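One-letter residues, chain by chain:
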Amino acid sequence: MKQDHYYHSIRIDKDKCDGRMKCMRICPTQAIRIRDGKAHIIEEKCIDCGECITVCPNQAIVPLTDPFGELTKFKHTVALPSPALYAQFGREILPRKILSGLKMLGFDDAFDLAQTCGEVSFAIQEYLREYSGPKPLISNACPVVVRLIQVKYPSLIDLVIPIDPPRELAGRELKKKKSKHLGLKEKEIGAFYLTPCPVKMISIRQPAEKGRSSLDGAISISDIYGPLLSAMEGVEKGSYREALESICILGIGWAMVGGICRTLRLRNSLAVSGLNEIIKVFDDIERGKLRNIDFIEAYSCHQGCVGGSLTVENLYISYNKILKLIETLEFEQIKACPDIREVRRLYKQDHFFIKGKLEPRPLKPLSEDLGEAIKKRKQKEDIYNSLPKIDCGACGSPTCLTFAEDVVMGDADITDCIFNLPRRFKKISQEFAKLIEKSSYLNPSQPPGKKTTQKKEGPK
Amino acid sequence: MSDENGFSQTFEITGRDFGKAGTVSTKIKEILQEIGIDQGIIRRAAIAIYEAEMNVVMYANRGTLTLRITPDEVNFTVQDEGQGITDIEMAMQEGYSTATDEMREMGFGAGMGLPNIKKNVDKLGIASIPGKGTILELTFYLNEAK
């Protein structure tokens, strides 16, 4: 575990970064430092939430997603759009048209991931029904939430539902089916997830559970939005009603926070979005509150995946589109959902469960040796108490407390704090003052030549 | 404020300030994580100190929580100026509570506070003078598995 290298979906463009600290201040896990005027990410602390991408005034923080060109590496390509893609276009554009548009863009096929989401919703329902351990259980739909738990809430790790996220499950199943159908090897089929956020890219390159992803890449919704919009102009206008009837109500709910709880009609559940809100809820769980809640649906982006940093539409508008669509489907009593008996049968065969085990990834303690760690924590507190505690960030660390830790760990020097700089000047200037006292300026009886040599000896 | 070979820190708890209730427990959890205390102990400590903190918030005017960590144990002393506990034996029983309706309304006062603390610590000491206040001492041993 220790020498592990963590991939991240975020890269800092050093040429564009001018060290304005906005990223450092917003980072919820205090993973960013400014050193020599440029932002640096501390790998083990980063949970890929993407807050820094949104806030950077210079677009110097770039998400690493796959370029469109990757498609040519495969004999057969399939697009698996996050249901959040369906929320990006006007109300009259339904999933069916969007999927056709994707095929016109050059994908050999476009798969309605909402169907798999629906299956997974049912699987979650099964899991909740059979489960009798400590509560509440936590959804693993959002990879940032999973990473947050690994890094900051390791004691909650057993509450994370061990069911494969729909994108992984769909990729796996599609490849199996398609390879049979088309007579291709599984590796000749490229499954591309269309992602609303950069973290899904990482969950593909390095799944939290350490297994291998069944997907071959992630393409940002914002990259595909323009071309897709033009491509859809060529799609024949089909029947609205038919298109509506093909929507899985359980599945499209995955695009927004609360969608799973609502479409499954879970009575004892909470839906939370926004990292700071999630942190409050997780703190409560750790304190032993919320034991009477069965299920928590948590998304790091506000309003859920529709609020991802790689989406295009205003998140409240896209949230509303999904919500209205769910209401319409409820009202029209359209239930284009997977067969629950089939889901139950597969569930019993362990079809839905994640292969790898989710392990905690707690931050390294101040020292591996307990006595040493205690000593260092004491030093940290002493340094912290000597600081102004205004969290100005000028030292390049986000708070005075993190700065104190950086000093203890040798990553920063106490005089990097501008409040300590004058203190150092004061000491030096006092020494100078003493020197001047002794010097020939005020004491003409001494021979003049001595002044310079004394001055040199002085400060140290 | 610090011991010879240990780390110690005292936190103030304000009585009846429900808005800030729980912040001390959160800070302590972070300190324990930084020092690298075993996750299982952190889990138990988080629950126990939160209960202890809430007891001060609910029943006292003010209090302090002092954390001490040595290579052998983690120890918390929670001291408050409050109504005290008249019958400690009763208070240790599950379901026994002197909480007001308002407290219950907020989801507290189920009579699980002290029993829950007892369940999660390795050693618990209580001393109380009715009308004056209560001292709790919570200890977790670091070198033996519970």
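Residues numbered from 1 in each chain as written. Chains lettered and ligands numbered in written order. Predicted model: local features only at pLDDT ≥ 70, side-chain atom pairs only at ≥ 80, totals over all residues.

Attention now goes to the packing of helix 3 (residues 95–104) of chain A against helix 8 (residues 221–233) of chain A. Residues and elements named next belong to chain A. Packing of helix 3 against helix 8 leaves a shortest axis separation of 8 Å and a crossing angle of 100°. Judged by the inter-axis angle, helix 3 sits roughly perpendicular to helix 8. Counting all contacts with helix 3, which are made through K97, I98, G101, L102 and M104, the residues of helix 8 involved are L228, A231 and M232. The residue inventory of the contact of helix 3 with helix 8, partitioned by class, reads 6 nonpolar, 1 polar and 1 charged. (Axes fitted to C-alpha atoms, helices over the stretch in contact; angles between N-to-C directions. Helix = DSSP H or I, 4+ residues; strand = E, 2+ residues; numbered from the N terminus. Parallel < 35°, antiparallel > 145°, perpendicular 65-115°, else oblique. Contact = placed C-beta atoms within 7 Å. Nonpolar A, V, L, I, M, F, W, Y, C, P; charged D, E, K, R; others polar.)

On to the nonpolar core, then. Core analysis: the biggest nonpolar cluster contains 107 residues, and L80, I252, A255 and I322 of chain A have the highest contact counts within it. Taken domain by domain, this core gets at least three of its residues from each of domain 1 (10–63) and domain 2 (68–348) of chain A. Ignoring any residue separated from it by four or fewer positions in sequence, one finds I252 of chain A in contact with P83, Y86, A114, I247, I322, L325 and I326 of chain A. Grouped together as the second largest cluster of nonpolar side chains are 48 residues, V407 of chain A together with F7, F76 and L114 of chain B included. (Core = buried A, V, L, I, M, F, W, Y, C linked by C-beta atoms within 7 Å. Buried ≥ 20, exposed ≤ 12 C-beta atoms within 10 Å, placed from the backbone. Domains from an automatic or database assignment.)

Here the focus is the interface of chain B and chain A. With 21 residues of chain B at the contact, the number on the chain A side is 17 residues. Counting only elements with at least two residues in the side of chain B that touches chain A, the list comes to strand 1 (7–14), helix 1 (23–35) and helix 2 (39–59) of chain B. In the side of chain B that touches chain A, the residues fall into 9 nonpolar, 10 polar and 2 charged.

All names here are of chain B. Read from one edge to the other, the open sheet built from 5 strands follows the order 1-2-3-5-4, with strand pairing classed as antiparallel. This sheet does not close on itself; its edge strands, each paired only once, are strand 1 and strand 4 (123–129). Direction aside, neighbouring strands of the sheet carry axes that sit 10° apart on average. Sheet topology note: the strand 3 (residues 73–82)/strand 5 (residues 133–141) ladder contains 9 bridges and is antiparallel. Bridging from a neighbouring strand, Q79 pairs with I135 of strand 5. (Pairing = 2+ DSSP bridges.)

Looking at the secondary structure, you find S8 of chain B in strand 1. Each C-alpha atom of the pair S8 of chain B and N75 of chain B lies 9.3 Å from the other, and the pair is 67 residues apart in sequence.

A word on the packing of helix 1 of chain B against helix 2 of chain B. All names here are of chain B. For the pair helix 1 and helix 2, the least separation of the axes is 9 Å and the interaxial angle reads 155°. Classified by the angle between their axes, helix 1 and helix 2 sit roughly antiparallel to one another. Judged by the twist between their axes, the crossing of helix 1 over helix 2 is right-handed. Here helix 1 contributes V24, S25, I28, K29, L32 and Q33 to the contact with helix 2, which in turn contributes I42, A45, A46, I49, Y50 and E53. Each residue belonging to the contact of helix 1 with helix 2 can be placed in one class, and the counts come to 8 nonpolar, 2 polar and 2 charged. (Left-handed = near helix turned anticlockwise from the far one by under 90°.)

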